[in-house]
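Commentary on secondary and tertiary structure
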Amino acid sequence: KIPVWLDCDPGHDDACAILLAAYHPPINLLGVSTVHGNAPLSKCTVNALRVLEAIGKPEIPVLPGASKPYCRTVHTAPDIHGASGLAGTDLLPEPSRYALTHCNAILEIKEALFAQPKGKAWLVATGPLTNIALLFAVFPSLADHIAGLSIMGGAIGSDFTHISMGQPYLDISGTAHPRSGNRTPFAEFNIWADPESARSVLQNPVLRPKTTLIPLDVTHQAYATPKIQDMLLNGINGPTRLRRMFNELLMFFAHTYAEVFGLADGPPLHDPLAVAAILSCHSDPNFEIEFDDSGGERWDVDVILEGEQVGRTVITRSENGQGVRIPRTLDLDKFWRTLEDCMAAADEV
Ligand code: BDR
Ligand code: CA
């Protein structure tokens, strides 16, 4: 199995990432750390505990990490995820335990990953990159030890995948810019929320060739349409309590995406794609979810730190092939089927 540590800010789509990481057979979920993001850290931490409780995995360790970005103030996303970070359902159970606050998240992640053989373990990040940047700043040799880092974050631009993110944005001088971000016309939320941390991670020379970035350009191919929501609600075993809980979460997420972005097709399920992306590097044809990176394209990624475009990810082709992998598409059918399989497996517990 692939050992995985998940760093997240649950979050509706983070909840789906936890389900996938906890139940997809080739993955061994070592632990979950939380970070400020969709909600304040304390709420994201309780949400992680509640999701793990709901899916029958209360034994997975949960460690709260950074409560603020490296050098900026915290900004949460109540317009998208509600004030709690995971609004829309009364079916989330209360956690039967507390998070491990007597341990330091960064130390625990380091211990858990170094305990795995070299080149085996993956780190998946589905929130702002504060914990990840701290981890590799304090323990730089960990970059050489892990197999890979998979990040949901960034927004490349419409010419990358030809996915439209809405009408072009007109700046103050009347110049039109293609709209690529979701937090600003230029920036995706996870990167925008702590751009300094994102930059240090995406420009770490040892990490770069092992990093997969899943930007909005890819996640906006995975809309949880009414058809998908219906499949996940009814599944093979009917609308169980767990399925109803996820359905209510997805309905809330769909509602806010419709309100804020005018998206009628259903919300993009960003975060589980960063979990799915690690599978394409460990081919077991039964469980693999294929991501297409056009035969191994690699990119140098810069993050804008100042001005109107703060948080924007700017990519250029990597000259030496040591850049970040940014897939353009994936096998969506397989992805949704895998999520359904995980739901069914969690239902059995
Ligand atoms: C990212 O921001 C959050 O709202 C989601 O959980 C996801 O990680 C998408 O921009
Ligand atoms: Ca997230």
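So, how was this worked out
- Residue positions within a chain follow its written sequence, with the count starting from 1.
- Lettering of chains starts at A and numbering of ligands starts at 1, both following the order in which they are written.
- Restriction of local features to residues with pLDDT of at least 70 applies here, the model being predicted, together with a cutoff of 80 or more for giving and counting side-chain atom pairs; totals for whole chains, interfaces and linings are based on all residues.
- As a rule here, side-chain values come from all non-hydrogen atoms in the structure, and water together with hydrogens is ignored.
- Axis lines are fitted to C-alpha atoms, over the contacting stretch for helices. Their N-to-C directions set the angle, which ranges from 0 to 180 degrees.
- Helix and strand definitions here come from DSSP, where helices need a minimum of 4 consecutive H or I residues and strands a minimum of 2 consecutive E residues; each element is numbered from the N-terminal end.
- In this scheme the crossing of two helices becomes right-handed for a clockwise turn of the near helix relative to the far one and left-handed for an anticlockwise turn of less than a right angle.
- Contact between two residues is taken to exist if any of their heavy atoms lie within 4.5 Å; hydrogens are not considered.
- Each residue gets one of three labels, nonpolar for Ala, Val, Leu, Ile, Met, Phe, Trp, Tyr, Cys and Pro, charged for Asp, Glu, Lys and Arg, and polar for the others, Gly among them.
- For Na, K and Ca the donor cutoff is 3.2 Å, while for all other metals N, O and S atoms must lie within 2.8 Å; water is not among the atoms, so some sites may look incomplete.
- To sort residues, take the accessible area from a 1.4 Å probe on protein chains only and compare it with the maximum for the residue type: under 20% means buried, over 50% means exposed, and anything in between is partly exposed.
- Any Lys or Arg side-chain nitrogen located within 4 Å of an Asp or Glu carboxyl oxygen qualifies as a salt bridge.
- Helix span, as expected, comes to 1.5 Å for every residue beyond the first.
- By definition, two strands form a pair when at least two bridges between them are found by DSSP.
- Put plainly, a pocket is an open set of points on a 1 Å grid over the protein atoms alone with protein on both sides within 12 Å along at least five of seven lines, a cavity is a set where a 1.4 Å probe fits but cannot get out, and a lining residue has an atom within 4 Å of a point.
- Grid points are joined across faces, edges and corners, and a volume is the space filled by probe spheres set on the points.

Where helix H1 (residues 12–23) contacts helix H12 (residues 241–261), the axes come no closer than 9 Å and their chain directions differ by 145°. Here the hand of the crossing between H1 and H12 comes out left-handed. Between H1 and H12, the residues in contact are His-12, Asp-13, Ala-15, Cys-16 and Leu-19 and Phe-246, Leu-249, Phe-252 and Phe-253, respectively. The residue makeup of the contact of H1 with H12, split by class, is seven nonpolar, one polar and one charged.

Okay, the coordination of the calcium ion (ligand 2) next. Octahedral metals with six donors have ideal donor angles of 90 or 180 degrees. Tetrahedral metals with four donors have an ideal donor angle of 109.5 degrees. Bound to the calcium ion (ligand 2) are the protein donor atoms Asp-9 (OD), Asp-14 (OD), Asp-14 (OD), Thr-126 (O) and Asp-271 (OD), situated 2.2 to 2.5 Å from the metal. Here the donor residues of the calcium ion (ligand 2) are spaced in sequence according to D-x4-D-x111-T-x144-D. Note on Asp-9: relative accessible area 0%, which makes it buried.

This next bit is on the pattern of salt bridges. Considering all chains together, one arrives at 12 salt bridges under this definition. Between Arg-328 and Glu-297 there is a salt bridge, with its nearest N and O atoms 2.8 Å apart. Separated by 31 residues along the polypeptide, Arg-328 in the loop between strand E11 (313–317) and strand E12 (329–330) and Glu-297 in the loop between strand E9 (291–292) and strand E10 (299–303) bring together distant segments of the chain. Grouping residues by exposure puts Arg-328 and Glu-297 together as buried. Bridged by salt links that share partners, the residues Arg-243, Glu-340 and Asp-347 form one connected network.

The end-to-end C-alpha distance of helix H2 (residues 41–54), which contains 14 residues, comes to 20 Å, matching closely the 20 Å that a straight helix rising 1.5 Å per residue would cover. Among the residues of H2, those classed as buried are Leu-41, Cys-44, Thr-45, Asn-47, Ala-48, Leu-49, Arg-50, Val-51 and Leu-52. Of the residues flanking the end of H2, it is Gly-56, one or two places downstream, whose phi is positive at about 75°.

On to the environment of Ile-132, then. Here Ile-132 lies in helix H5 (residues 130–138). The spatial distance from the C-alpha of Ile-132 to the C-alpha of Ser-200 is 9.4 Å, given a sequence separation of 68 residues. What Ile-132 contacts, discounting residues up to four positions off in sequence, is Asp-7, Leu-123, Ala-125, Leu-149 and Val-201.

It is worth spelling out the sheet that holds strand E5 (residues 148–152) at this point. Adjacent strands of a sheet pair through backbone hydrogen bonds, lying either parallel or antiparallel. The sheet built from six strands is open, its strands ordered E3-E2-E1-E4-E5-E8 with parallel pairing. Single-partner strands in this sheet number two, and they are strand E3 (62–64) and strand E8 (211–214). Taken pair by pair, the neighbouring strands of this sheet meet at an average axis angle of 20°, ignoring direction. Pairing between E5 and E8: four bridges, direction parallel. By the bridge assignment for E8, Ser-150 is matched with Thr-212.

Next up on the list: unusual backbone geometry. Peptide bonds are mostly trans, and most non-glycine residues show a negative phi. A cis amide bond, omega -15°, links Pro-10 with the succeeding residue Gly-11. Within the element layout of this structure, Gly-11 appears in the loop between strand E1 (2–8) and H1. Although it is not a glycine, Ser-294 adopts a positive phi angle of roughly 50°. If you trace the backbone, Ser-294 turns up in the loop between E9 and E10.

Right, let's get into empty space enclosed by the protein. Evaluation of the coordinates by the stated rule reveals one cavity of 30 Å³ or more. Approximately 30 Å³ is the volume attributed to the largest cavity. Ala-155, Gly-157, Ile-163, Met-165, Ser-180, Leu-216 and Asp-217 together form the lining of the largest cavity.

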